[in-house]
Amino acid sequence: MKILPRLDGNVLKFFNADTGANHRTVQLPTNASYSGLMVSGDTVSITIHFKNTNDVIRTYNLNNGGLIRSISM
């Protein structure tokens, strides 16, 4: 089973590429914009640009949707 991420508004969705079924979802902050969705192995990283504060890079596990790390810039 190959899991792929997709950004839908402020929701990061992990779906099964074979069947198209949703595997997991992660709610992202609403007061931000997003860029840089990058997959590496079984992780996905996304850059979150907050309106009035620092940017944050969050890395999630594709298999279970768990947050691995969050780096503030």
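Since the model is a prediction, treat every value here as computed from it, not as a measurement.

Quick notes on the pairing of strand β1 (residues 3–8)
The two faces of a sheet get side chains in turn, since along a regular strand they alternate between them. Bridging between β1 and strand β2 (residues 11–16) involves six bridges; their strand directions are antiparallel. Considered in β2, the bridge of L7 is made with L12. Taking the residues that link successive antiparallel strands as the turn, the β1-β2 hairpin has two residues, and the phi of G9 there is positive, at about 65 degrees.

Topic: the pattern of salt bridges
For the structure on display, the rule yields one salt bridge. For D8, the salt bridge goes to K13, with nearest N and O atoms at 3.0 Å.

Regarding the side chain of N61
The residue N61 is located in strand β6 (residues 55–61) in this model. In terms of polar contacts, N61 uses its side chain to reach the backbone amide nitrogen of N63, at 2.7 Å. Dropping the residues within four chain positions of it, N61 is found in contact with F14, D42, G66 and I68.

Regarding the nonpolar core
If you look at the biggest cluster of nonpolar residues, it comprises 14 residues, and the most contacted ones within it are L12, F14, L28 and Y60. Contributions of two or more residues to this core are made by β2, β4 (32–40), β5 (43–50) and β6. The element best represented in this core is β5, accounting for four residues. Sequence-distant contacts of Y60, that is, excluding residues within four places in its chain, are made with L12, F14, V26, L28, D42, T43, V44, I46, G65, G66, L67 and I68.

Re the side chain of K13
Secondary-structure assignment places K13 in strand β2. A polar contact of 3.0 Å, which involves the side chain of K13, links it to the side chain of D8. For K13, the contacting residues outside a window of four places in its chain are L4, P5, R6, D8, N22, R24 and T25.

A closer look at the sheet that holds β6
Spatially, four strands are ordered β4-β5-β6-β7 in an open sheet, and the strand pairing comes out antiparallel. Both outer strands of the open sheet, β4 and β7 (67–72), are each paired with one neighbouring strand and no more. The average angle at which neighbouring strand axes cross in this sheet is 20 degrees, direction not considered. For β6 and β7, the ladder comprises five bridges, and the chain directions are antiparallel. Its bridge partner being in β7, T59 is matched across the sheet by R69.

Reading guide: rules and limits
Residues numbered from 1 in each chain as written. Predicted model: local features only at pLDDT ≥ 70, side-chain atom pairs only at ≥ 80, totals over all residues. Heavy atoms only, no water. Pairing = 2+ DSSP bridges. Helix = DSSP H or I, 4+ residues; strand = E, 2+ residues; numbered from the N terminus. Salt bridge = Lys/Arg side-chain N within 4 Å of Asp/Glu carboxyl O. Polar contact = N/O pair within 3.5 Å; in protein donor to acceptor, adjacent residues only side chain to side chain. Contact = heavy atoms within 4.5 Å. Core = buried A, V, L, I, M, F, W, Y, C linked by side-chain atoms within 4.5 Å. Buried < 20%, exposed > 50% of the residue type's maximum accessible area, 1.4 Å probe, protein only. Axes fitted to C-alpha atoms, helices over the stretch in contact; angles between N-to-C directions.

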